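Each chain, written out:
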Protein chains: 2
Amino acid sequence: MIEKLNLTMLTDFYEITMANGYFCSDMADDIAYFDMFFRRIPDEGGYAIMAGLEQLIEYLKGLEFTDEDIEFLKGKNIFDEKFLNYLRDFKFTCDVWAVPEGTPIFPGEPIITVRGPVMQAQFIETMMLLIINHQSLIATKASRIVRAASGRPVMEFGTRRAHGASAAVYGARAAYIGGCAGTACTISDRDHGIPAMGTMAHSWVQMYDDEYEAFKKYAEIYPTNCTLLVDTYNVLKSGVPAAIKVFKEVKPEKMGIRIDSGDITYLTKKARKMLDEAGLKECSIVVSNSLDEYLIRDIISEGACVDSFGVGERLITAGSEPVFGGVYKLSALEKNGKMIPKIKKSENVEKITNPGFKSVFRIFDKDSSRALADIIVLDGETIPEGEEYEIFDPEAVWKRKKIKNFYVRNLREQIFEGGKCVYKCPSIDEIRDYCTQQLDAMWDEMKRFENPQTYYVDLSYNLWKLKHDMIEDL
Amino acid sequence: MIEKLNLTMLTDFYEITMANGYFCSDMADDIAYFDMFFRRIPDEGGYAIMAGLEQLIEYLKGLEFTDEDIEFLKGKNIFDEKFLNYLRDFKFTCDVWAVPEGTPIFPGEPIITVRGPVMQAQFIETMMLLIINHQSLIATKASRIVRAASGRPVMEFGTRRAHGASAAVYGARAAYIGGCAGTACTISDRDHGIPAMGTMAHSWVQMYDDEYEAFKKYAEIYPTNCTLLVDTYNVLKSGVPAAIKVFKEVKPEKMGIRIDSGDITYLTKKARKMLDEAGLKECSIVVSNSLDEYLIRDIISEGACVDSFGVGERLITAGSEPVFGGVYKLSALEKNGKMIPKIKKSENVEKITNPGFKSVFRIFDKDSSRALADIIVLDGETIPEGEEYEIFDPEAVWKRKKIKNFYVRNLREQIFEGGKCVYKCPSIDEIRDYCTQQLDAMWDEMKRFENPQTYYVDLSYNLWKLKHDMIEDL
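On a predicted model such as this, the values are computed, not experimentally measured, just so you know.

### Here's the deal with the overall build of chain A
The helix and strand tally for chain A stands at 16 helices and 21 strands. Dimensions of chain A along its principal axes, counting C-alpha atoms only, are 80 × 60 × 35 Å. Here chain A holds 474 residues, and the buried ones make up 62% of them. The long-range fraction of contacts in chain A, counting pairs at least 24 apart against all pairs at least 6 apart in sequence, stands at 73%.

### Some thoughts on the interface of chain B and chain A
Taken residue by residue, the interface counts 98 residues in chain B and 99 residues in chain A. Summed over both sides, the interface of chain B with chain A buries roughly 8100 Å², with 60% coming from carbon and sulfur. If you sort the residues of chain B by the area they bury against chain A, Arg160, His163 and Met207 of chain B come out on top, with a joint share of 11%. At the junction of chain B and chain A, the tally comes to ten salt bridges.

### Observations concerning the relation of the copies chain B and chain A
Screw-axis analysis of chain B against chain A gives a translation of 0.0 Å along the axis, an RMSD of 0.0 Å, and a rotation angle of 180°. As the rotation angle and translation indicate, the two copies are arranged about a two-fold axis. Ranked by how close their C-alpha atoms come to the rotation axis, the residues of chain B are headed by Ser166 of chain B, at 2.7 Å. With an isologous cut-off of 70% or more, the 100% of interface residues of chain B that recur at the interface of chain A puts this contact in the isologous class.

### Description of the pairing of strand 11 (residues 308–311) of chain B
Residues and elements named next belong to chain B. Burial of strand 11 is two-sided: the residues Ser308 and Gly310 facing one way and the residues Phe309 and Val311 facing the other way are all buried. Note that strand 6 (residues 154–156) and strand 11 share three bridges and pair parallel. Looking at the pairing, Met155 lines up with Gly310 of strand 11. Pairing analysis gives two bridges linking strand 10 (residues 284–287) to strand 11, with the strands arranged parallel. Within strand 11, the position partnered with Val287 by the bridge is Phe309. In this view, the connection linking strand 10 to its parallel neighbour strand 11 by way of helix 13 (residues 293–301) has right-handed handedness.

### Regarding the pattern of salt bridges
Going through the model one piece at a time under the given rule, you end up with 65 salt bridges over all chains. Between Glu390 of chain A and Arg400 of chain A there is a salt bridge, with the nearest N and O atoms lying 2.9 Å from each other. Separated by ten residues along the polypeptide, Glu390 of chain A in strand 16 (residues 389–393) and Arg400 of chain A in strand 17 (residues 396–403) bring together distant segments of the chain. When its relative accessible area of 35% is taken as the criterion, Glu390 of chain A is described as partly exposed. For Lys447 of chain A, the salt bridge identified is with Asp444 of chain A, shortest N-O distance 3.5 Å. Given the relative accessible area of 6%, Lys447 of chain A is considered buried. For Asp444 of chain A, a relative accessible area of 43% corresponds to the partly exposed category. Via salt bridges that share partners, Asp12, Glu15 and Glu125 of chain A together with Arg160 of chain B belong to a single interconnected network.

### Some remarks on the packing of aromatic side chains
Considering all chains together, one arrives at 44 aromatic pairs over all chains under this definition. Ring plane angle 5° and centroid distance 4.9 Å describe the contact between Phe34 of chain B and Tyr328 of chain B, whose orientation is recorded as stacked. Taken as a pair, Phe34 of chain B in strand 1 (residues 31–37) and Tyr328 of chain B in strand 12 (residues 327–335) lie far apart in primary sequence, 294 residues in all. An aromatic cluster of three or more residues is present, and its members are Phe13, Phe23, Phe65, Phe79, Phe83, Tyr86, Phe90 and Phe123 of chain A.

### Some points on the packing of helix 2 (residues 53–61) of chain A against helix 6 (residues 125–148) of chain A
If you want to describe how two helices pack, look at the angle between their axes and the distance between the axes. Residue and element names in this part refer to chain A. With their axes 9 Å apart at the nearest point, helix 2 and helix 6 run at an angle of 160° to one another. In terms of orientation, helix 2 lies roughly antiparallel with respect to helix 6. Classified by chirality, the crossing of helix 6 by helix 2 is right-handed. On helix 6, the residues that touch Leu53, Gln55, Leu56 and Tyr59 of helix 2 are Met127, Met128, Ile131, Ile132 and Gln135. Tallied by class, residues from the contact of helix 2 with helix 6 come to seven nonpolar, two polar and no charged.

### Some words on the sheet that holds strand 12 (residues 327–335) of chain A
All names here are of chain A. As summarised here, the arrangement of the seven strands in space is 13-12-1-5-3-19-20, forming an open sheet in which the pairing is antiparallel. The sheet is open, and its two borders are formed by strand 13 (338–341) and strand 20 (420–421), each paired with just one other strand. Note that strand 3 (residues 95–98) and strand 19 (residues 413–417) share three bridges and pair antiparallel. Bridging from a neighbouring strand, Trp97 pairs with Gln414 of strand 19. Of the strands in this sheet, strand 3, strand 5 (112–117), strand 19 and strand 20 are in contact with helix 2, which crosses strand 19 at around 15°.

### Topic: the domain arrangement of chain A
The parts lose accessible area when they come together, and the size of an interface is often stated as this lost area. Residues and elements named next belong to chain A. If you check the domain split of chain A, you get domain 1 (2–138 + 322–473) and domain 2 (152–316). One C-alpha centre belongs to domain 1, the other to domain 2; they are set 39 Å apart. On the domain 2 side, the residues contacting the 21 residues of domain 1 number 21 residues. Interface area for domain 1 against domain 2, summed over the two sides, is near 1800 Å², with a carbon-plus-sulfur share of 55%. For domain 1, the biggest contributors to the area lost against domain 2 are Ile138, Ile428 and Arg432; these three give 38% of the whole. Summed over the shared surface of domain 1 and domain 2, the number is three salt bridges. Glu101 serves as the salt-bridge partner of Arg173, at 2.7 Å between the closest nitrogen and oxygen. The interface formed by domain 1 and domain 2 holds nine residue pairs in polar contact (both at pLDDT 80 or more) in total. Contributions of two or more residues to the side of domain 1 that touches domain 2 are made by helix 2, helix 6 and helix 15 (428–440). Take the side of domain 1 that touches domain 2: its biggest share by element is five residues, from helix 15. A per-class count over the side of domain 1 that touches domain 2 returns eight nonpolar, five polar and eight charged.

Rules behind the numbers
- Residues numbered from 1 in each chain as written.
- Chains lettered and ligands numbered in written order.
- Predicted model: local features only at pLDDT ≥ 70, side-chain atom pairs only at ≥ 80, totals over all residues.
- Heavy atoms only, no water.
- Helix = DSSP H or I, 4+ residues; strand = E, 2+ residues; numbered from the N terminus.
- Buried < 20%, exposed > 50% of the residue type's maximum accessible area, 1.4 Å probe, protein only.
- Contact = heavy atoms within 4.5 Å.
- Buried area = accessible area lost by both parts, 1.4 Å probe.
- Salt bridge = Lys/Arg side-chain N within 4 Å of Asp/Glu carboxyl O.
- Least-squares fit on C-alpha atoms with pLDDT ≥ 70 in both.
- Pairing = 2+ DSSP bridges.
- Right-handed = clockwise from strand over helix to strand, strands pointing away.
- Phe/Tyr/Trp six-rings, centres within 6.5 Å; stacked < 30°, edge-to-face > 60°.
- Axes fitted to C-alpha atoms, helices over the stretch in contact; angles between N-to-C directions.
- Parallel < 35°, antiparallel > 145°, perpendicular 65-115°, else oblique.
- Left-handed = near helix turned anticlockwise from the far one by under 90°.
- Nonpolar A, V, L, I, M, F, W, Y, C, P; charged D, E, K, R; others polar.
- Domains from an automatic or database assignment.
- Polar contact = N/O pair within 3.5 Å; in protein donor to acceptor, adjacent residues only side chain to side chain.

Pasting the structure below:
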């Protein structure tokens, strides 16, 4: 969908005032490095999931100022005429490196790095953050909810509570990456191949004189796969009995009931018993109604008889914490061919940025294939496999650990080279499978909802030394 | 933006399965009435603000299934061939009534009513809820934040944390309706006339060897209106002194400093003193950094010296409660020219719907011009001005109150008649002014953040009686 729109002007106005400023200062072509990273995992979780890269790529490919845009900017009476002409011929020429979608990511890591003329590299900040923050937020939330469901499918049902059309469509995409089985959102199926599914609204039942008639009609029209909404009037007294009657008469190939209100644990136990006693053991029970990972965990632990979950508003808005706080910070400049690392100081130690052009390596234990730590290194540094390597906490350097018998993977891939896309986006199913597989390589201790173990994100000694020296200098 | 896309397929899949179901049951053209209403005001607030109608109208005008859509649906192998042909020639023919944008709205009121063939009236549910829920959520939040700012301008700065592109663009629109002075989002200015504004990022300052040089350059390029970001290194030790030096040298027409971190109360008091002592009393102070209505209220009460606020993630996501729970329920059918009211029962009394085709009147006190109550009535009922009228609490009918000396306004307007739009959307500034004016007609007691007075939304006796009788019957 986004692909069809020119969103070049979806940018903070200050990106344009700064661009004009660089242009007027003869700095437009100064080469700058920017990192996108985030500082906190939403919901105090142990990991986040990278998502949105495909849409970011589409945005970067489509960057173009129209005559209408130029006229609009001209009307502001603050931009240089030559700058506006430059925008007319704008061509994206940056290099971009990024963590592939579906990868577990952690605070402080440069999940995206951009190198290029400062005007361009700065300009793309807003949309990069907008796209990656949104989809990573929802993919991360979905991963938690899917985990809570312990193998039961989770459907994303939140379209009507999403924050506008893109939130619905790309939220469904991100939820699928995070492990959801499908979505209510039809257009996300058409455009992104995410299975759309759904049953009926209460209004279907109300349109008929009684539930039995409404159910019977529906089952006759959809005999291959028929899920009936049983809570319009009274789940146990009328809904389930009517559904049982219809299932026995029509015998759909696949059948299910859906409960969207009331106490899920109580109702599903009772309904399960009624269905089983009627010989309908194969009839599945779908539940919805303001669910999230905590409620799902609790009702499962109470023994609720649920086969799948429909999760709406609390997934599509990441209700408990609806912000993924990714930021985009200058990390280096090139001047006369020389690299000048840059740092942003802060009273808050965690807010001090990591200077320089960097890479991120993920280290895996050879025996268990589990991830041990991520190491942020300066560009060109390697972590030799087969040797012992000492990692240390960058904020408490006396916390040290020697690791051996590991293998190393570069967490990022080059996406753009000189403005040309050099990356082939995987299919949505490949991303989803990759996410599952990469999460399996993470220790369970990091996946708890409360007080998860903190995954190590360390700096190489060289990077740590550079940062330390720059802080001292300031 | 949304106007440029065909979002017909942005709908819950069940809307299509139900549509096919009605088609196959020869019920497609049965006339149904649906109400959109909401049950709770976010943040336990005293009022919400209606927003999004213009985009809903665009969506309804643009409803059209493309050949690609039909092919996609055909591929699902569950839809009747004749139904798919029907979709190919789909034409929206419903009547729609709605509360105009910018109006304070309350739980239980039918803010939109749709009358038409059930297939169509049902089908538009998803996008109606998506659009109105989103924009009303953000307009409501913005209204709270603007109120907290006590007359100081509030800018919407959250583009980068919005849930995708539409959330940024229409969030900015809704925030403006709710009273914000502008947005960071450039495209919202271009397309919707919402003033875009912005200053600089920390990276601008970092690109130069020192703050003074960075500020000087910026002030020279933007001498008419120059706001400098003073917290890249140290607000009071380096940022403000450098800004003062530059302001004195360059003398911009309008000047300001922006503080984006640290303790706002402390820093703005100190900075104000420094600016005043330097003879720069006209220099304004803009603050940002994870603000919301509570923080703004608190720092103002602490005497912070702030001239305007930039509010980001907590506004654009409605961070404290990111869901506006509007729903869409069947309220009546027409059969053989006869109106059959419908009701959805629930264990929870508040969740029982109001049956029938209804209107909403707002009653104003003639002396104070303040709103006294909203009365939901059955279509055709009037509330005669100049007579005494008794209102009563529909859930505690012994709570009664006689009112007189009032005037009455129909809260809703007809938007579509037989599928044709008969409503002229006001301009965004007209909507914003209308919102301010309508809120001024509400008692302050309803505008508190904590425990606001509940505004009366009552039922006419006839409607109450109909509902009561139907509940008894079930």
